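So you can see what is in the structure, the chains are spelled out below.
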Amino acid sequence: MSDLKPVNSRVVKGLAVLLVCLGLANTAQSQTGKPNTVWPKQAIRIVVTFTPGGAPDILARVLAESWQQSLGVPVLVENRPGYGGNIGADLVAKSEPDGYTLLIGTVGIHAINGALYDKMSFHPINDFTPISFLASTPNVLVVNEKLGVSNLHELIELAKAKPNELTFGSSGVGTSLHMSGELFKEMTGVQIRHIPYKGRAQSLPDLIGGRISMLFDNLSSSLPLIKAGEVQALAVTTLKRSPADPEIPTMAEQGLPGFEATSWFSLMAPANLPPALQKRLNNLTRQTLNRSDVRKKLLASGLDPAPGSPQELSKLIQAETSKWGRVIYKSGAKLE
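About the cut-offs
- Residues numbered from 1 in each chain as written.
- Predicted model: local features only at pLDDT ≥ 70, side-chain atom pairs only at ≥ 80, totals over all residues.
- Heavy atoms only, no water.
- Helix = DSSP H or I, 4+ residues; strand = E, 2+ residues; numbered from the N terminus.
- Contact = heavy atoms within 4.5 Å.
- Areas by Shrake-Rupley, 256 points an atom, 1.4 Å probe, with all protein chains shown as cover.
- Buried < 20%, exposed > 50% of the residue type's maximum accessible area, 1.4 Å probe, protein only.
- Core = buried A, V, L, I, M, F, W, Y, C linked by side-chain atoms within 4.5 Å.
- Phe/Tyr/Trp six-rings, centres within 6.5 Å; stacked < 30°, edge-to-face > 60°.
- Expected span 1.5 Å × (residues − 1).
- Pairing = 2+ DSSP bridges.
- pLDDT = per-residue confidence, 0-100.
- Polar contact = N/O pair within 3.5 Å; in protein donor to acceptor, adjacent residues only side chain to side chain.
- Axes fitted to C-alpha atoms, helices over the stretch in contact; angles between N-to-C directions.
- Parallel < 35°, antiparallel > 145°, perpendicular 65-115°, else oblique.
- Left-handed = near helix turned anticlockwise from the far one by under 90°.
- Nonpolar A, V, L, I, M, F, W, Y, C, P; charged D, E, K, R; others polar.

Brief notes about the overall build of the chain
- Within the chain, the regular secondary structure consists of eleven helices and ten strands.
- Here the contacts in the chain between residues at least 6 apart in sequence split such that 77% fall between residues at least 24 apart.
- Carbon and sulfur atoms make up 54% of the accessible area of the chain, which totals about 16,000 Å².

Listed below in structure tokens is the structure:
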């Protein structure tokens, strides 16, 4: 005879009720936006809209390395340069809002291109979920020493003496680097031609080779060449000198008061990202960028990390959109 006893019917009913309650709890948890412990269960990709080596790429790889260790899934950096950042941004805007496709946002993509381009395949604000501000870096005006100028005043005089003969390069139409050049033209009255590139990998060799007269670049990208003496830095575009190289004077110090143009970078996701994922990604970003070793590395590269809330990032984008919209309107710049 078996030693097993019949299961008490009350126990069976109790277990059934418990299972139902657990199911309802899980459903409620997903509906209230509490953290989903399943994410991430596959590779995450961070899209960079410029070629490797520049500030956005540096930040993406810092995040990828840290997250890969803490999350236990591959975190891939995908470079999609071109069209002022619009190609890569369009890819992310049209991706699923599931936390697996993210974007290193830029001032160009989210605050400039909307006013610069007549037609956009995505909305620079409405089609994205803000995660966190990442870092900022001054832009720097660098020249080839063969140009024969040693300061901003001499460059302006040369440009006025040779209207439309000098050229300035940037990492693409609509970038803050392009806008730095347009602001420079507006404030000085010089006539210089813009030569857009897909990234520093193409623009810096042309500057060194003398194929362009000057270049507006992120300080973080040009700093190694400046220190090596391969290019000459005339001015940074922030109101204060950069701690990364305090010997470089500002534009304002050299006769252009109020000149300010900063490149900044953010982490963005497609629109309609669940609030729980937005919060988790924000926390991950803060944890990474607040690490002392990461901060030290980024500051040495000319990047100033400053992660914050999604709300703070949204306010910055609104303010920058208004600022650069006015510059674009005054310059008359417009693209299809």
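Having seen it, we continue.
Examining unusual backbone geometry
- Between Trp39 and Pro40 the backbone carries a cis peptide bond, its omega angle lying at -5°.
- Its location among the elements puts Pro40 in the loop between helix 1 (9-31) and strand 1 (44-48).
- Positive phi, normally seen in glycine, also occurs at Tyr83, with a value near 60°.
- Mapped onto the secondary structure, Tyr83 falls in the loop between strand 2 (75-79) and helix 3 (86-93).
- The residue Asn164 is not glycine, and still its phi comes out positive at about 65°.
- Judged by relative accessible area, Asn164 falls into the partly exposed class, the value being 39%.

Notes on the nonpolar core
- Among the nonpolar cores identified, the biggest contains 47 residues, and Leu155, Phe184 and Met251 are the most heavily contacted of them.
- Once residues lying within four places of it in the same chain are set aside, the contact partners of Phe184 are Leu152, Leu155, Ile156, Gly189, Val190, Ile192, Phe216, Met251, Leu256 and Phe259.
- In terms of nonpolar packing, the next biggest core, distinct from the first, is built from 31 residues, Trp67, Leu71, Val294 and Leu298 among them.

Overview of the packing of aromatic side chains
- The full count for this structure, using the stated rule, is six aromatic pairs.
- Measuring from ring centre to ring centre gives 5.8 Å for Phe122 and Phe128, while their planes differ by 90°; the resulting arrangement is edge-to-face.
- When the centroid spacing of 6.3 Å and the interplanar angle of 35° are considered together, the rings of Phe133 and Trp264 count as tilted. Of this pair, Phe133 sits in strand 4 (residues 128-143) while Trp264 sits in strand 9 (residues 262-270), placing them 131 residues apart in sequence.
- The exposure class assigned to Phe133 is buried, which follows from its relative accessible area of 15%.
- Judged by its relative accessible area of 3%, Trp264 falls in the buried class.

Points about helix 6 (residues 176-188)
- Here helix 6 is 13 residues long and its end C-alpha atoms lie 18 Å apart, about the 18 Å a rise of 1.5 Å per residue gives.
- Counting buried positions along helix 6 gives ten out of 13 residues, so the element sits mostly inside the fold.
- Ser176, Leu177, His178, Met179, Ser180, Gly181, Glu182, Leu183, Phe184 and Thr188 are the residues of helix 6 that are buried.
- Among the residues trailing helix 6, Gly189 stands out with phi positive, at a value near 80°.

Here we look at the pairing of strand 3 (residues 101-106)
- Counting buried positions along strand 3 yields six of six residues, so the element is predominantly enclosed.
- Along strand 3, one buried face is formed by Thr101, Leu103 and Gly105 and the opposite face, lined by Leu102, Ile104 and Thr106, is buried too.
- Pairing between strand 1 and strand 3: three bridges, direction parallel. Its bridge partner lying in strand 3, Ile46 is registered against Leu102.
- With four bridges joining them, strand 3 and strand 9 adopt antiparallel strand pairing. Within strand 9, the position partnered with Thr106 by the bridge is Phe265.

Details of the confidence of the model for the chain
- In the predicted model, the chain carries a mean pLDDT of 88, and the fraction of residues at 70 or more is 89%.
- Across residues 1-36, confidence stays below pLDDT 50; counting only partners more than four residues off in sequence or on other chains, it has seven contacts.

Concerning the environment of Glu78
- Mapped onto the elements of the fold, Glu78 is located in strand 2.
- Sequence separation between Glu78 and Asp57 is 21 residues; the distance between their C-alpha atoms is 9.1 Å.
- When near neighbours in sequence (up to four residues on either side) are disregarded, Glu78 contacts Arg45, Ile46, Val47, Val48 and Leu91.
- For Glu78, the side chain forms a polar contact with the side chain of Arg45, separated by 3.2 Å.

As for the side chain of Ser213
- The residue Ser213 is located in the loop between helix 7 (200-208) and strand 7 (214-218) in this model.
- A polar atom in the side chain of Ser213 sits 3.1 Å from the backbone nitrogen of Thr167.
- Leave out the neighbours within four places in its chain, and Ser213 touches Val143, Asn144, Leu147, Leu166, Thr167 and Leu207.

A few points about the packing of helix 6 against helix 11 (residues 310-331)
- Viewed as axis vectors pointing N to C, helix 6 and helix 11 meet at an angle of 55°, and their least axial separation amounts to 10 Å. Relative to helix 11, the element helix 6 is oriented oblique. The interaxial crossing formed by helix 6 with helix 11 has left-handed handedness. Contacts between helix 6 and helix 11 pair Met179, Glu182, Leu183 and Glu186 from the former with Trp324, Val327, Ile328, Lys330 and Ser331 from the latter.
- Its residues placed into classes, the contact of helix 6 with helix 11 shows five nonpolar, one polar and three charged.

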